[in-house]
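Architecture and fold: a report
Listed below are the residues making up each chain.
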Protein chains: 2
Amino acid sequence: MSTLKSDLQSFLRPDQVSDNVSILAQHSRDESYHEPVLPDVVVFPESTDDVVKIVSYASANQIPIVPFGTGTSLEGHVVPIQRGISMDMMRMNKVLEVRPDDFLVCVQPGVLKEQLNEELGRYGLFFAVDPGANASLGGMAATNASGTTTVRYGAMRDNVRSLEVVLPNGTVIHTASLAAKSSSGYNLTGLFVGSEGTLGVITELWVRVWGIPEKTIAARAEFPDVESCVRASTAIVGAGIPVVRMELVDGPFVEAFNKYTGSTFSPNPTLFLEFNGNARNVEADVEAAMEIIQEEGCTTFDHVSDDQARHTMWETRHNALYAFMHQYPGYGHMSTDVCVPVSKLPAAVVRAKELLDETGARGAIVGHVGDGNFHVTMAVRTDDPEDVARANRFNEALVHTSLELGGTCTGEHGVGLGKMKYQEIEHGEAISVMRAIHSILDPLNIMNPGKLVDSPATVESHHA
Amino acid sequence: MSTLKSDLQSFLRPDQVSDNVSILAQHSRDESYHEPVLPDVVVFPESTDDVVKIVSYASANQIPIVPFGTGTSLEGHVVPIQRGISMDMMRMNKVLEVRPDDFLVCVQPGVLKEQLNEELGRYGLFFAVDPGANASLGGMAATNASGTTTVRYGAMRDNVRSLEVVLPNGTVIHTASLAAKSSSGYNLTGLFVGSEGTLGVITELWVRVWGIPEKTIAARAEFPDVESCVRASTAIVGAGIPVVRMELVDGPFVEAFNKYTGSTFSPNPTLFLEFNGNARNVEADVEAAMEIIQEEGCTTFDHVSDDQARHTMWETRHNALYAFMHQYPGYGHMSTDVCVPVSKLPAAVVRAKELLDETGARGAIVGHVGDGNFHVTMAVRTDDPEDVARANRFNEALVHTSLELGGTCTGEHGVGLGKMKYQEIEHGEAISVMRAIHSILDPLNIMNPGKLVDSPATVESHHA
């Protein structure tokens, strides 16, 4: 038995520490194309106190530590590239407190998005951030996740009120009060949200929740081309219509979905929309959106309001990725994630289409177009360096386009391993501030080392 | 001529440097009860490059430097307690770029709120944060200002997209891209907003703007007591009605306003409301709010929509402070600023009323009740230590009540000098993170020293 494992078992129960090969393999990778690395050991804390002990031990022994949730990250965030400890947070999975009158709920980091919404449904409430995957709240906060509803409800950073965090030195902090606004002290909540485990471990979250609206209407609108579809979406945002979701699904995705499910939608670029509110307002919103959509050349427009029909309508969007990848069995998945100011979205999407043609990458576009964020999903032969290089060339060219347009390399997937190479060019001198903050809070560079910011300090790979 | 002045004039024009006594006096204080301190010199940068030179000089010579806007802060933020350089940002007052399609505008820090809204009106846009004072955008960002519209549009932190900042070492950084959302790097924008000049000098801001709504309705509702008024406000927020402003004005303020203007409003606790949107939705909102208000025992309800009538209706709120202080000529002004989770607001307001009775402080309540934030405005004889002590006792007791209820010591005024004593009790161990961040970014402790966080390093008072 390794020293590391026996050390950890000196203060944790035996079943909280594992070096079983299949457990290690589960914690070696995420859902992306990034190469897996086995951790030396996986630990399963069950309380903040457990996390304090584990982090203090790792700190005293300079052992890398990577918090792990559902493993659904897309840029290699949870790959323990310097081995060490993978800390699986999924046993800390309780909804601790619901405060309906404050529209707040306190959860442990291993609570899943769907689990939370099930619990909240009993109070007529819901949690609004929806990244697609049924991710853990801790992981969503760590990556500042967002998704289809962000155009209306914001990203994780907008929905986290306060965090409990275990710092690399074992200190437990609370980043903020529960007040809806505050000008007291530096904004630590916003700093820890999106820090990808590099500054500390999130052990508790107070997040904002919302009342379930009286009425929800889903709609789909087909367009002759992607450009007119994007123009319609920016016009809807510009008109101030409080659309809740607004998603572009490109023709190739619709085709893939038809093949996958036997449905017979026209393989046109399609905008999927959702509106909610009280009955009167939401119908006015749909009408106003429909006018804009028609001006932009929409060829087909449908809308539905009952639950089942809405679910069916949105299936094309929700299953787009799976249907697309289904055409390429055994291929890996690489997704771009640029986000540009909305006025630049048509130009960025046009450029993406050109780049697909130029590079011959197998990809199609899907996007949270209300925020200026879109993905080109690519099927990649991960065992073929040529093919990976092609996809990388595409990704890089698109990131550079985004940066030139005033955008970012990652709207929601985060930096992890995949976007580190763009940090200097995106942030310029600001990277020095990020490095300084990292170096003062994690001086031993043990917190998810090698991710998000390059830190001057490095820790030798730990082989137990 | 002092060395400091001649040094500064070696790289600035003579009219950009002043030690004229009345100029020094203007930069010695803000609008609060905090004791003035004269800076050694006032400089007037006209560009980011000027700021870089001034900050680099101050850094090389360990001279304290305090950025100064309109001097409308309320906790002594701009008082140069260690003397040194007061840097007046008001010559950097240009609106640099308006991007209507992105709902973004780029401004220099000395642009005033009203100046910006005049400029934006030509585009059918407005800037939504309204702290009352016609403050500078740089100062508003530095204190994370908010105010009457925050319940709908958020605080400064929610409305700043990106900042240009000159760091204490003279480096110029940009905190973020212009994308509506991003998961790239640490969130520096949120960190610098509210940092009160202690981490660097804001030299440019990209802020979010909004379309001027089709219709705006103002309303006023009188209640038999403050508690029912507060309950009505929390119920309106709870119902999800998108109220734009919702302000409590306590009876004594209404009385003071009547005396001041000759108006004849009943001296009851009054809720002032504003709704906006397209005509159909906004009327539905007013109806829904009216129902709630009546259930909570409202005795009188009026609403108006034309510009002049709205302005007149809101005068009671906007002039409440001046009317109240008008009764106490020569007195100083101290304002509490607690913000609690909205469900705790009725309890906090009841406690504030009790504390007013117990301490005998001369005060009345006004509040942004939709956010859980309210102020007790007190008239204080600043030359009478007993009277100042009484007001301080009241303020302290109310802050402790707020912290016990899960709230903050300052919802919007900021820390400055006045709220430093509560930072440890509010933030606990998190203060160590704030100090670490401050110490690594401002290791010489020259940036607005002695404010917001106590830093271990201290710089001797500089007497030129």
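What comes next is a walk through the structure. Predicted model only: the values in this text are computed from it and were never measured. (Residues numbered from 1 in each chain as written. Chains lettered and ligands numbered in written order. Predicted model: local features only at pLDDT ≥ 70, side-chain atom pairs only at ≥ 80, totals over all residues. Heavy atoms only, no water.)

**Notes on the relation of the copies chain B and chain A**
Rotating chain B by 180° and translating it 0.0 Å along the rotation axis places it on chain A, where the RMSD comes to 0.0 Å. The transformation just described matches what one would write down for a two-fold rotation axis. Mapped onto chain A, 99% of the interface residues of chain B again fall at the interface, so both copies present the same surface. (Least-squares fit on C-alpha atoms with pLDDT ≥ 70 in both. Contact = heavy atoms within 4.5 Å.)

**Some words on the sheet that holds strand β5 (residues 95–99) of chain A**
All names here are of chain A. The strand order β5-β6-β10-β8-β9 describes an open sheet built from five strands, whose pairing is antiparallel. The open sheet is flanked by β5 and β9 (172–174), the only strands paired with a single partner. Recorded for the sheet is a direction-independent mean angle of 10° between the axes of neighbouring strands. Its contacts with the sheet place helix α3 (residues 48–60) against β8 (160–166), β9 and β10 (201–208), and it is angled at close to 50° to β8. (Pairing = 2+ DSSP bridges. Helix = DSSP H or I, 4+ residues; strand = E, 2+ residues; numbered from the N terminus. Axes fitted to C-alpha atoms, helices over the stretch in contact; angles between N-to-C directions.)

**Some words on the pairing of strand β16 (residues 332–335) of chain A**
Residues and elements named next belong to chain A. Side-chain alternation along β16 places Gly 332 and Met 334 on one buried face and His 333 and Ser 335 on a second face that is also buried. Bridge count for β16 against strand β18 (residues 373–380) is four bridges, and the pairing is antiparallel. Counted as the bridge partner of His 333 is Ala 379 from β18. (Buried < 20%, exposed > 50% of the residue type's maximum accessible area, 1.4 Å probe, protein only.)

**So, helix α14 (residues 345–359) of chain A**
Residues and elements named next belong to chain A. Helix length check: α14, at 15 residues, gives a terminal C-alpha distance of 21 Å against a target of 21 Å (1.5 Å per residue), a fit within 8%. On the buried face of α14, the contacting elements are α9 (226–238), β17 (363–368), β18 and α15 (385–404). Immediately beyond the C-terminal end of α14, within one or two residues, lies Gly 360, with a positive phi of roughly 70°. (Expected span 1.5 Å × (residues − 1).)

**So, the state of the cysteines**
In the structure shown here, the tally under the stated rule is zero disulfides over all chains. As a non-bridged cysteine, Cys 106 of chain A has Cys 339 of chain B as the owner of its nearest cysteine sulfur, 19 Å distant. Of all cysteine sulfurs, the one in Cys 229 of chain B lies closest to Cys 298 of chain B, which takes part in no disulfide; the gap is 8.9 Å. Taking the relative accessible area as the measure of exposure, Cys 298 of chain B reaches 15% and is therefore buried. (Disulfide = S-S within 2.5 Å.)

**Considerations on the side chain of Glu 75 of chain B**
Residues and elements named next belong to chain B. With respect to the helices and strands, the residue Glu 75 is situated in the loop between β3 (65–68) and β4 (85–88). The buried category is assigned to Glu 75, whose relative accessible area is 1%. A distance of 3.1 Å separates polar atoms of two side chains, one belonging to Glu 75 and the other to Lys 419. In this structure Glu 75 touches Asp 30, Ser 32, Tyr 33, His 34, Ser 335, His 413, Gly 414, Val 415, Gly 416, Leu 417, Gly 418 and Lys 419, once residues within four positions along its chain are discounted. (Polar contact = N/O pair within 3.5 Å; in protein donor to acceptor, adjacent residues only side chain to side chain.)

**Considerations on the sheet that holds strand β12 (residues 215–222) of chain B**
All names here are of chain B. Read across the open sheet, the seven strands follow the order β15-β12-β14-β13-β17-β18-β16; overall the sheet is antiparallel. Every other strand in the sheet has two partners, leaving β15 (300–304) and β16 (332–335) as the edge strands with one partner each. Here the strands of the sheet are splayed against their neighbours by 15° on average, with no regard to which way each runs.

**Quick look at the packing of α9 of chain A against α14 of chain A**
For any two helices packed against each other, the geometry comes down to the angle between their axes and how far apart the axes lie. Residues and elements named next belong to chain A. Remark: α9 packs on α14, axes separated minimally by 9 Å, with the N-to-C direction vectors making an angle of 155°. Regarding the angle of α9 to α14, the classification is roughly antiparallel. Both α9 and α14 take part in a crossing whose hand is right-handed. Here α9 contributes Val 226, Glu 227, Val 230, Arg 231, Ser 233 and Thr 234 to the contact with α14, which in turn contributes Leu 345, Pro 346, Val 349, Val 350 and Lys 353. In terms of residue class, the contact of α9 with α14 is made up of six nonpolar, two polar and three charged. (Parallel < 35°, antiparallel > 145°, perpendicular 65-115°, else oblique. Left-handed = near helix turned anticlockwise from the far one by under 90°. Nonpolar A, V, L, I, M, F, W, Y, C, P; charged D, E, K, R; others polar.)

All quantities given are derived from atomic positions and should not be read as evidence of function.
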